[in-house]
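Architecture at a glance
Below are the chains, spelled out letter by letter.
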Amino acid sequence: MECILKTFFANTPLCCPSRATLISGKYPHNFVSSDGSGCMKMNELGYTVGAYGKLLNPSGTPACKSQVMPGIDDFLLMCNSDRYFNVALANTTTKYFTGFQPDDYLTAVVGNASIRFVERALQNKKPFFVYIGPHAPHYPATPAPWYKDVFPILRPPMTPNYNITAKDHHFLLRQQKPLNKYEEDLIAELFRDRWRTLLSVDDLFMEVVSLIANYSAVDNTYFVWSSDHGYQLGQFCLPREKHQPYENDIRVPFFIRGPSIKKQLSCNEVVSMVDVAPTLLELAGIKSPSVMEGVSFIELLQDKEDNAVWNKDKHLVEFWSQSDGIKINHYVDGPNNTFIGVRLLNQTHNVAYLEFYQNVVGEHLFNLTPCDYEWYNLTVDPYQLNNLYNTAAMDRHLLHELKEYLHNKIHCRGSQCHQL
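Residues numbered from 1 in each chain as written. Predicted model: local features only at pLDDT ≥ 70, side-chain atom pairs only at ≥ 80, totals over all residues. Heavy atoms only, no water.

Thoughts on the overall build of the chain
As a reminder, the rule being used: Counting from the N terminus, the helices are the DSSP runs of H or I reaching at least four residues and the strands are the DSSP runs of E reaching at least two. The globule rule used for comparison is 2.2 Å times the number of residues to the exponent 0.38, while the radius of gyration itself is calculated over C-alpha atoms. Classification of residues uses two cut-offs on accessible area relative to the type maximum, computed with a 1.4 Å probe and protein chains only: under 20% is buried, over 50% is exposed, and between them is partly exposed. Only heavy atoms matter for contacts: two residues are in contact if any of them lie within 4.5 Å across the pair. What sets the accessible areas is the Shrake-Rupley method with a 1.4 Å probe; for residues, cover comes only from the shown protein chains. His is not counted here, nor are the chain ends, while Lys and Arg score as positive and Asp and Glu score as negative. Taken as the charge location is NZ of Lys, CZ of Arg, CG of Asp or CD of Glu.
A tally of regular secondary structure across the chain gives nine helices and 17 strands. On C-alpha atoms alone, the chain measures out to a radius of gyration of 21 Å, which is about the 22 Å that the 2.2 N^0.38 rule sets for 420 residues. Considered along the principal axes of its C-alpha atoms, the chain spans approximately 65 × 55 × 40 Å. Counting over 420 residues, the chain shows a buried share of 53%. Across the chain, the fraction of contacts at a sequence separation of at least 24, relative to all contacts at a separation of at least 6, is 66%. In the form shown here, the chain has an accessible surface area of approximately 18900 Å², with 53% of it arising from carbon and sulfur atoms. Here the chain contributes 37 positive and 44 negative side-chain charges, whose respective centroids are spaced 3 Å apart.

Structure representation (structure tokens):
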């Protein structure tokens with residue numbers, strides 16, 4: 001009935017592009033010229049569709065401009081960012097601001113709207129698809145008033161790469177200065193607040209599941225939980241951010257529960273965000289369109305004798321630098337922080353190969369010489385502390401194979417991506 005994917009990756013460590021990959025089944029490098037095709041058009045399959053919380057960022061959310069979201073029947077979506085009170089929201093009829101009272105807390109508002117939608121669908125006995133995207137634990141991670149004092153002494157995990165200046169990594173990391181006590185205390189408080197905000201997310205999903213159970217529909221419903229990216233909280237001296245190609249940033253939880261899924265299944269195969277939309281469409285009974293670049297991993301979920309063997313063992317990660325970003329006195333992004341990379345994970349290899357580029361914008365095809373290279377053997381170095389590029393420990397034959405794969409994959413479009 002349920003499956004946990006232990007090696008599930010975001011294709012980019014950036015929130016909005018990652019969510020766009022989730023709903024479109026396309027790689028981020030194809031968004032610039034995308035015609036909008038490929039999204040999960042569940043309403044065309046007879047589903048009533050709802051979307052709540054943070055879907056795209058405000059500037060890219062049609063509802064924030066016209067109260068219209070093609071293919072979505074009901075919605076309540078964020079139209080400003082980085083706040084949990086006084087939030088601009090758009091629904092099917094208007095755009096409005098919440099207030100500053102406890103019942104205006106964003107996760108509660110989004111949760112209540114989601115629950116109303118689900119209950120209407122259950123009462124009408126109609127199949128439904130609902131996307132619930134809480135803003136939590138996004139910065140500033142303001143907890144609900146009733147949770148603001150919990151976890152008073154909790155501190156972030158002191159992983160081996162915590163507060164480490166990595167001198168053999170790319171420029172942004174090797175120029176980091178160590179975190180001081182003041183900066184570490186700010187990180188710790190943010191970590192506590194992130195946990196506090198997630199208590200409200202737990203409440204939301206418990207209410208949704210309980211509601212569906214009350215209508216005896218749990219065994220006929222698929223539930224999916226995941227995140228759009230990971231996060232740095234002191235790793236490699238980065239105080240708070242994503243924007244890196246390391247496990248902290250791209251490896252995220254993924255849990256799915258529902259009919260036809262093997263009971264208590266735990267998978268170690270490589271699956272990524274781009275594969276989710278094709279999988280959900282196939283679970284709904286339709287083959288994904290050829291413009292989708294991910295591949296359905298339904299064969300990992302269902303216990304059928306005729307299942308083909310899942311043979312994907314590589315994962316593409318890509319990121320375009322956003323700005324000279326500074327967080328808590330540390331640079332967390334910069335013009336030489338654009339990168340592409342591949343994670344290889346199978347029974348014989350657990351490797352990351354990365355290329356970093358200077359001043360890359362738009363649809364650049366990465367045909368210039370990178371400014372930095374990195375290679376990690378995560379079997380012996382899971383926290384990616386030792387860059388093995390151009391050392392005796394690097395497999396040069398495998399390097400050629402991964403470089404060829406990477407530069408083919410970063411150029412692929414549509415069904416071409418399936419062949420790589």
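There is more to say after this.
As for the sheet that holds strand 17 (residues 372-377)
Applicable threshold: The pairing criterion is simple: DSSP has to find at least two bridges between the two strands. Only the contacting stretch of a helix is used when fitting its axis, a line to C-alpha atoms as for every element, and angles between N-to-C directions run 0 to 180 degrees.
One open sheet holds the four strands; their spatial order is 12-15-16-17, and the pairing between them is antiparallel. Edge strands, defined here as strands with exactly one partner in the open sheet, are strand 12 (314-319) and strand 17. On average, each strand axis in the sheet is tilted by 10° relative to the strand beside it, whichever way the strands run. Sheet analysis places strand 15 (residues 338-345) next to strand 16 (residues 350-357), joined by eight bridges and oriented antiparallel. Across the sheet, the residue bridging to threonine 338 is tyrosine 357, located in strand 16. Helix 9 (residues 396-409) contacts strand 12, strand 15, strand 16 and strand 17 of the sheet and is inclined by roughly 55° relative to strand 16.

Details of the state of the cysteines
We count it as follows: A pair of sulfur atoms, both from cysteines and within 2.5 Å, is called a disulfide here.
Tallied over the entire structure, the rule returns two disulfides. Each disulfide pairs two cysteine sulfurs, and for cysteine 412 the partner residue is cysteine 417, the sulfurs being separated by 2.0 Å. In this structure the cystine formed by cysteine 412 and cysteine 417 twists about its S-S bond by roughly 95°; its chirality is therefore right-handed. In this structure, cysteine 412 and cysteine 417 share a single accessibility class: buried. If the cysteines joined by disulfides in the chain are listed in sequence order, their pairing comes out as 1-2, 3-4. Cysteine 16 supplies the cysteine sulfur nearest to cysteine 15, a cysteine that is in no disulfide, at a spacing of 6.5 Å.

Describing the sheet that holds strand 8 (residues 223-226)
As summarised here, the arrangement of the four strands in space is 8-9-1-10, forming an open sheet in which the pairing is mixed. Each end of this open sheet is capped by a strand with a single partner; those strands are strand 8 and strand 10 (265-267). Pairs of neighbouring strands in the sheet enclose a mean axial angle of 15°, with direction left out of account. Bridge count for strand 1 (residues 2-5) against strand 10 is three bridges, and the pairing is parallel. Bridging from a neighbouring strand, isoleucine 4 pairs with serine 266 of strand 10.

Digging into the packing of aromatic side chains
Our working definition: Each Phe, Tyr or Trp ring, with Trp reduced to its six-membered ring, pairs with another whose centre is within 6.5 Å; inter-plane angles below 30 degrees give stacked pairs, above 60 give edge-to-face pairs, and intermediate values give tilted ones. Lysine NZ or arginine CZ positioned within 6 Å of the ring centre and within 35 degrees of the ring normal marks a charge as sitting over the ring.
Following the criterion strictly, the structure yields 21 aromatic pairs and no others. Each ring, one from tyrosine 84 and one from tyrosine 105, has its centre 5.9 Å from the other, and the planes form 15°; the classification is stacked. Taken together, the residues span a long stretch of sequence, with tyrosine 84 in the loop between strand 4 (74-78) and strand 5 (88-90) and tyrosine 105 in the loop between strand 6 (95-97) and helix 3 (106-123) at a distance of 21 residues. A ring pair is formed by tryptophan 225 and phenylalanine 255, whose centres lie 5.1 Å apart and whose planes are at 55°; its orientation type is tilted. With tryptophan 225 in strand 8 and phenylalanine 255 in strand 9 (residues 254-257), the pair connects residues that are 30 residues apart, well separated along the chain. Three or more aromatic residues joined by ring pairs form one cluster here, namely Tyr84, Phe85, Tyr105 and Trp146. The side chain of arginine 194 reaches across the aromatic face of tyrosine 231, ending 4.0 Å from its centre. The lysine or arginine in question, lysine 314, covers the ring of tyrosine 405, its NZ or CZ lying 5.4 Å from the ring centre.

Notes on the packing of helix 3 against helix 5 (residues 181-214)
Filter applied, for reference: Any angle that is under 35 degrees is reported as roughly parallel, and any over 145 degrees as roughly antiparallel; angles of 65 to 115 degrees are reported as roughly perpendicular and all others as oblique. Side-chain classes are defined by residue name, with Ala, Val, Leu, Ile, Met, Phe, Trp, Tyr, Cys and Pro counting as nonpolar, Asp, Glu, Lys and Arg as charged, and the others, Gly among them, as polar.
Packing of helix 3 against helix 5 leaves a shortest axis separation of 10 Å and a crossing angle of 10°. Classed by the angle they form, the pair helix 3 and helix 5 counts as roughly parallel. Contacts between helix 3 and helix 5 pair Thr107, Gly111, Ile115, Val118, Glu119 and Leu122 from the former with Ser200, Val201, Leu204, Glu207, Val208, Leu211 and Ile212 from the latter. Looking at the contact of helix 3 with helix 5 residue by residue, the classes come out as eight nonpolar, three polar and two charged.

Here's the deal with the pattern of salt bridges
Stated formally: Any Lys or Arg side-chain nitrogen located within 4 Å of an Asp or Glu carboxyl oxygen qualifies as a salt bridge.
Evaluation of the coordinates by the stated rule reveals 17 salt bridges. Here glutamate 189 ties to arginine 196 by a salt bridge, and the two come within 3.0 Å at their closest N and O atoms. Of the residues examined, glutamate 189 reaches a relative accessible area of 32% and is grouped as partly exposed. Among the ionic pairs, arginine 343 bridges to glutamate 247, the shortest N-O distance being 3.0 Å.

What to know about the environment of glutamine 347
Mapped onto the fold, glutamine 347 is located in the loop between strand 15 and strand 16. On the basis of relative accessibility, which here comes to 84%, the residue glutamine 347 falls in the exposed class.

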